[in-house]
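Listed below are the residues making up each chain.
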Amino acid sequence: MPLLTVTDLRTTFHTRTGVYRAVDGVSFAVERGETLGIVGESGSGKSVTCYSLMGLVPQPPGRIESGTALFDGIDLLHCPPAQARTIRGKRIAMVFQDPMTSLNPYLRVSEQLIEPLRIHDSISRKQALARALEMLEAVGINDAAKRIHHYPHEFSGGMRQRVMIAMALITKPELLIADEPTTALDVTVQAQILELIRTMQRELNMGVIFITHDLGVVSGLCDRVQVMYAGRIVETADTRTLFYAPRHPYTRALQRSIPALQPKGAELYTIAGTPPDLSKPLPGCPFAPRCEFAREKCVTTPARLFETAPGHAHACLRAQLGEI
Amino acid sequence: MADRPILEINDVKTHFPVREGFFKRHVGTVKAVDGVTLSVARGEVLGLVGESGCGKSTLARTIMQLVPTTAGTVVLEGRNLTSGSAHALRDVRRDLQMVFQDPYASLNPRMTVFATLAEPLLVHGRCPKSEVTARVAELMNQVGLAPRFMQKYPHEFSGGQRQRIAIARALALDPKVIIADEPVSALDVSIQAQILNLLAQLCRQRNLSMIFIAHDLSVVKHISDRVAVMYLGKIMELGPAADVIERPQHPYTRALVSAIPTPDPDAERARQRIVLAGDPPSPLNPPSGCPFHPRCPFAAEKCKPAVPPLFPAGPGREAACVRLDEIGEP
């Protein structure tokens, strides 16, 4: 049984200008020890998917309309809050993009590190501090015994992200959700952090959901990748298949617009148009208005995610029919 | 004088004093830019890469004379910017424009697109009042925005469109050099490609020179003719963009290039990565000799005593490493 199974998750935001379907019927599963990449542009719903699981969607204006998220047999979206709290922060942990805004600037790092332990485990302060110190050393902070008593502003960006990771992993979670954890960092620091996540995952046999917009990061880190567009999953496959044999036109377009893969000096490939307005009804494929392969039926017929090969599913009508 | 570079930066230093305590005692100096010499030819795109804190943005601000220069000269078409009066500087600024990273922060939210683009035209008296509207419409067309959006405010546009407005503003005065400080870092991949295409096309059409600052080496490789790699306020390596990024010579450039994740799973899993330990040292207290030696896998005793100058390293290439011949091909 997978560690986490999400089925038909729908999250909407009710605003004055309409109801925005940020996540529109998303289903996926994560196994123990597996790294799942979620790729998409801003507004594709990749973060909101994970916020919904963690109970971080502000309600109102947000609302989880439907769906289940089974974690070890417990539905995170419908179980009593007290039960959810024993899972979130202990068995499922999250790392955010910006370590400057997600650490409390008024508290010493030591206080923030031991907080999850003090809440979830009956453990003395002294023992908790010892564990925190161990964890800081494990994530590669030199001179941890001294640094543990510092405030967040005394750390550099990369070091702060290490502290965030130490905080997330201190309860030895079974699932780690990392929301663009390296986007704000330099490439050299990014390489360090990715290496750290990889090592920690092997040690704890965690499942990891890695959210990013950078296809480069995904290629080396993830076992499986799913591509999101307009709140839906448009393609999901193992990493090699997704990179070497993508079927959905959006995945192909995304891949083609990476400068690294294009001849130097040539005009870069771009996707015409902009993503659709998620408050308007989208009867067909959400990518159809920007898709070079789109036909009449793409705009009107609902596109379902359909498995065309073992482990490879995509939501392109024409590719499913073998037309492209 | 077709061969003379349009912009010359000679041994520029920008130091910031650090003061502390009640009496504002001088406790140290941050050498943000420490002896940089560069030149940009007409129509050339020079890429400037490096990690955060390496001084690339300070160098841009020094060229623009937004921060005082401690030493050295910035010469634009024979006019020295560092010694000019405020009045002379205003004339020069017309030829030197900047595009910033965050189009959400660099546009005034209370000004319509029209007001934003008309302001430089009126301040510098570039065209009579009656022609301003036509000129603004022309600018908008050039950056791929429909002139009918002229009366809209920045918040009504997407990130990519806002960056187009910022580019139009930089183009308003027909500059000769544009300094683009991380212009695509805040944008999504598909939008990034659109803005890169626009910048490349504008440079070609108008024979514009550009200094393109970024931390993403693949973007820099794509758009630049030459690239300069900075570390701790100094140039580490300089040369033709594709050459430097495909066959880096300086150990720092090698580490930087090896850290870029490539969107190719097989290559990504097969390759050897040089993971640098730690963070760049503080510019307040830089190491002696080569600034990279404490983190360099090839560091030796002779790297420590003196700061290495840029040595010739192949056609059109230079690298600041004393062990270039000894460390072999990458």
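Here, the structure is the one placed above.
So, here's what we can say about the structure. Note that the coordinates shown come from a computational prediction; the quantities given were computed from them, not determined experimentally. (Residues numbered from 1 in each chain as written. Chains lettered and ligands numbered in written order. Predicted model: local features only at pLDDT ≥ 70, side-chain atom pairs only at ≥ 80, totals over all residues. Heavy atoms only, no water.)

### Section: the overall build of chain A
Reasoning step 1: Check the secondary structure of chain A and you find 13 helices and twelve strands.
Reasoning step 2: Across the 324 residues that make up chain A, the buried fraction comes to 52%.
Reasoning step 3: Sequence-distant contacts in chain A: of pairs separated by 6 or more residues, those separated by 24 or more amount to 64%.
Reasoning step 4: Only carbon and sulfur atoms are counted for the fraction: they give 54% of the accessible area of chain A, which is about 13800 Å².
Reasoning step 5: Each charge class in chain A was averaged separately, 35 positive and 32 negative side chains, and the resulting centres sit 2 Å apart. (Helix = DSSP H or I, 4+ residues; strand = E, 2+ residues; numbered from the N terminus. Buried < 20%, exposed > 50% of the residue type's maximum accessible area, 1.4 Å probe, protein only. Contact = heavy atoms within 4.5 Å. Areas by Shrake-Rupley, 256 points an atom, 1.4 Å probe, with all protein chains shown as cover. Lys, Arg positive; Asp, Glu negative; His and termini not counted. Charge placed at Lys NZ, Arg CZ, Asp CG, Glu CD.)

### Digging into the nonpolar core
Reasoning step 1: Membership of the largest hydrophobic core comes to 66 residues, with the highest contact counts inside it found for V136, I167, L171, M210, F212 and Y252 of chain B.
Reasoning step 2: Here this core takes eight residues from helix α7 (residues 189-206) of chain B, the largest share from any one element.
Reasoning step 3: In this structure M210 of chain B touches E44, V45, L46, I178, A180, L199, C203 and I223 of chain B, once residues within four positions along its chain are discounted.
Reasoning step 4: By size, the runner-up hydrophobic cluster in this structure holds 64 residues, among which are I114, A168, M200 and A237 of chain A. (Core = buried A, V, L, I, M, F, W, Y, C linked by side-chain atoms within 4.5 Å.)

### Considerations on the packing of aromatic side chains
Residue and element names in this part refer to chain A.
Reasoning step 1: Taken as a whole, this structure holds eight aromatic pairs over all chains when the rule is applied.
Reasoning step 2: Pairing Y229 with F287 gives two aromatic rings, centres 5.3 Å apart and planes at 85 degrees, and the pair type is edge-to-face. Taken together, the residues span a long stretch of sequence, with Y229 in strand β9 (residues 224-229) and F287 in the loop between α11 (249-256) and α12 (296-300) at a distance of 58 residues. Accessibility classification places Y229 together with F287 in one group, the buried group.
Reasoning step 3: Site record: aromatic cluster; members linked through ring pairs are Y229, Y250 and F287. (Phe/Tyr/Trp six-rings, centres within 6.5 Å; stacked < 30°, edge-to-face > 60°.)

### Comments concerning the interface of chain B and chain A
Reasoning step 1: With 37 residues of chain B at the interface, the matching set in chain A holds 41 residues.
Reasoning step 2: Taken over both partners, the interface formed by chain B and chain A buries close to 3300 Å², and the fraction arising from carbon and sulfur atoms is 54%.
Reasoning step 3: Among the residues chain B hides against chain A, the three largest losses belong to V189, H222 and P263 of chain B. Together they make up 20% of the total.
Reasoning step 4: Taken together, chain B and chain A are joined by one salt bridge.
Reasoning step 5: The tally of links from chain B across to chain A stands at nine residue pairs in polar contact (both at pLDDT 80 or more).
Reasoning step 6: For the side of chain B that touches chain A, the secondary structure elements donating two or more residues are α7, α8 (217-223), α10 (251-259) and α11 (265-270) of chain B.
Reasoning step 7: Counting residues per element, the side of chain B that touches chain A draws most heavily on α7 of chain B, which supplies seven residues.
Reasoning step 8: Grouping the constituent residues of the side of chain B that touches chain A by class yields 16 nonpolar, ten polar and eleven charged. (Buried area = accessible area lost by both parts, 1.4 Å probe. Salt bridge = Lys/Arg side-chain N within 4 Å of Asp/Glu carboxyl O. Polar contact = N/O pair within 3.5 Å; in protein donor to acceptor, adjacent residues only side chain to side chain. Nonpolar A, V, L, I, M, F, W, Y, C, P; charged D, E, K, R; others polar.)

### What to know about helix α7 (residues 157-169) of chain A
Residue and element names in this part refer to chain A.
Reasoning step 1: Taking 1.5 Å per residue, 13 residues should reach 18 Å; α7 reaches 18 Å between its end C-alpha atoms and fits that length.
Reasoning step 2: The buried fraction of α7 amounts to eleven of the 13 residues, a majority that puts the element mostly inside the structure.
Reasoning step 3: Taken together, the buried positions of α7 are occupied by G158, M159, R160, Q161, R162, V163, M164, I165, A166, A168 and L169.
Reasoning step 4: Tucked inside the fold, the buried residues of α7 contact β6 (92-95), α3 (99-102), α4 (109-120), α5 (125-138), β7 (175-179) and α8 (187-204). (Expected span 1.5 Å × (residues − 1).)

### Regarding the packing of helix α4 (residues 113-123) of chain B against helix α5 (residues 132-142) of chain B
Residue and element names in this part refer to chain B.
Reasoning step 1: The N-to-C vectors of α4 and α5 enclose an angle of 115 degrees; their axes lie 10 Å apart at closest approach. As the angle between them shows, α4 and α5 are arranged roughly perpendicular. Considering only the axes of α4 and α5, their crossing is right-handed. From α4, V113, F114, L117, A118, L121 and L122 reach across to α5, where they touch V132, T133, R135, V136 and M140.
Reasoning step 2: Partitioned by chemical class, the residues of the contact of α4 with α5 number nine nonpolar, one polar and one charged. (Axes fitted to C-alpha atoms, helices over the stretch in contact; angles between N-to-C directions. Parallel < 35°, antiparallel > 145°, perpendicular 65-115°, else oblique. Left-handed = near helix turned anticlockwise from the far one by under 90°.)

Don't take any of this as a statement about function, it's just geometry.
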